[in-house]
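# Structure at a glance
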Amino acid sequence: MSAEHGVYVELLPEGKIKRDLAGISGEVSLAEAKISDEVFLFSELIFEPYAAVVDQIRSQAKAILIHDDHGGLANMTLFQFMLDTVEDLVSTLEQENPLHGILLRTQLEDEVPPDDGTAMYPFRASRKILTILAGVIQFQFVVNEVLHDMRSGEPLISDKYDTLWEVPMRSILRWDGDCLTTQYHFRSAVDYYHFLLLQFVSCHPAVAWCHCCGRYFIPKTKKKTLYCDRILKGGRTCKEWGPVLKHRQKAAQISVVEEFDRAKRRMYKRYERAEFLNKEPSEKDLSYEEYYQWLDRAVKARDEYLAGKLSAADALKIIQMS
């Protein structure tokens, strides 16, 4: 009997996980991964071209919901076109990013209500679809905020995170041919990453921010560590290249990496307002696509600067472009 669709997660020793995906194409096992690596990778993920399609669907949903606000009937042609766009997005993701594609399909199946034939159905379905599509993008910022506060020593138990410390999940026993194992079954990307984040936080890791590449990492010792072990330039790690770079930046009174971090937080504040459907955007607001287009350019500028392919002035010009 084939497994119910979704991702099955087994906790392993040393903060690792084993994952099995079950979707319309069958079942496949993913490589073992460290929970911390998965959290860090998710925090750095650039949602392109996903964000562009979500913006397109958002525009379609907004046009449909205008009729609801004025007591009119939904444009069924536009509604069907939106549903077709969503299906195309899900199918593409299942091919290019099976984990996200399968979890998006299963969440839509679980949370979008079935068509009851009423005039209100297109409005209810449109709102729910948009909430689901934007959810994983919005949760990425939550993860980044948690990492930022952990690095800064800020308390995580506060009103800011009052809804973060519970996540719905279903645990099951599975026979792997040798013994019984406990696995956690998820049918939503937000629930999956929420689970990983709580597992990560529960271990009280010492989250650090690399002063060379500007990415989060966990030091190998309890000593204060400024640089991570990522290979950066000419086979040299951040630990090897960082002190040289810091000296140059100090002499020039400039830090491209720190400005990238500040700019990323500024730009997010402009983009997060995109979640409000009934709000008319201002000139300062960013769509999901605009934010991730900027982030893609800024990340490349930062990395090319660190690799010695771009001057500090040119990198800052790109990073500060808004």
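To be clear, the structure that these remarks concern was listed above.
Residues numbered from 1 in each chain as written. Predicted model: local features only at pLDDT ≥ 70, side-chain atom pairs only at ≥ 80, totals over all residues. Heavy atoms only, no water.

### Here's the deal with the layout of surface pockets
Looking at the largest pocket, its volume works out to about 540 Å³. Within the residue set of the lining of the largest pocket, elements represented by two or more residues are helix H1 (35-44), helix H6 (189-202) and strand E7 (216-217). Looking at which element gives the most residues to the lining of the largest pocket, the answer is H1, with 6 residues. (1 Å grid on protein atoms, 1.4 Å probe; cavity = no way out; pocket = protein on both sides within 12 Å on 5 of 7 lines; lining within 4 Å. Points joined across faces, edges and corners; volume = space filled by probe spheres on them. Helix = DSSP H or I, 4+ residues; strand = E, 2+ residues; numbered from the N terminus.)

### A closer look at the sheet that holds strand E1 (residues 6-12)
Taken together, the 5 strands give an open sheet; going across it, the order is E3-E2-E1-E5-E4, and neighbouring strands pair in antiparallel fashion. Strands with a single pairing partner mark the edges of an open sheet, and in this sheet they are strand E3 (26-34) and strand E4 (170-175). Between one strand axis and the next, the sheet turns by 30 degrees as a mean value, whatever way the strands run. On the sheet, helix H4 (residues 98-111) packs against E1, strand E2 (16-23) and strand E5 (180-186) and is oriented at approximately 60 degrees with respect to E2. Contacts between H6 and the sheet are confined to E1, E2 and E5, with E1 contributing the most and set at about 10 degrees to the helix. (Pairing = 2+ DSSP bridges. Axes fitted to C-alpha atoms, helices over the stretch in contact; angles between N-to-C directions. Contact = heavy atoms within 4.5 Å.)

### A word on a nonpolar patch on the surface
A contiguous nonpolar patch, built from Leu173, Trp175 and Leu180 and spanning about 390 Å² of accessible area, is present on the exposed surface. Secondary-structure assignment places Trp175 in strand E4. (Patch = residues over 30% accessible without salt bridge, like charges linked within 9 Å, V, L, I, M, F, W, Y side chains within 5 Å. Areas by Shrake-Rupley, 256 points an atom, 1.4 Å probe, with all protein chains shown as cover. Salt bridge = Lys/Arg side-chain N within 4 Å of Asp/Glu carboxyl O.)

### Quick notes on the pattern of salt bridges
Pairing is possible between side chains of opposite charge, provided their charged atoms come close. Inspection of every chain in the model, using the stated rule, returns 22 salt bridges. Across the pair Arg215 and Glu44 runs a salt bridge, and its minimum N-O distance is 3.8 Å. On the criterion of sequence distance, the pair formed by Arg215 in the loop between strand E6 (208-209) and E7 and Glu44 in helix H1 is long-range, its members being 171 residues apart. Judged by its relative accessible area of 29%, Glu44 is partly exposed. By sharing partners, the salt bridges in this structure join Glu4, Glu109, Asp110, Arg170 and Arg187 into a single network. (Buried < 20%, exposed > 50% of the residue type's maximum accessible area, 1.4 Å probe, protein only.)

### With respect to empty space enclosed by the protein
Summed over all chains, the structure comprises 1 cavity of 30 Å³ or more. The computed volume of the largest cavity comes to approximately 30 Å³. His5, Ala22, Gly23, Ile24, Glu94, Ile102, Arg105 and Thr106 are the residues that line the largest cavity. Elements represented by at least two residues in the lining of the largest cavity include exactly E2 and H4. Residue contributions to the lining of the largest cavity peak at 3 residues, all from H4.

### Considerations on the packing of H4 against helix H5 (residues 121-152)
Two elements in contact, H4 and H5, have axes whose closest approach is 10 Å; the angle formed by their N-to-C orientations is 150 degrees. Put simply, H4 runs roughly antiparallel to H5. Crossing angle aside, the handedness with which H4 passes H5 is right-handed. Residues Leu104, Gln107, Leu108 and Glu111 of H4 lie in contact with H5, whose contacting residues are Lys128, Ile129, Ile132 and Leu133. For the contact of H4 with H5, a count of residues per class yields 5 nonpolar, 1 polar and 2 charged. (Parallel < 35°, antiparallel > 145°, perpendicular 65-115°, else oblique. Left-handed = near helix turned anticlockwise from the far one by under 90°. Nonpolar A, V, L, I, M, F, W, Y, C, P; charged D, E, K, R; others polar.)

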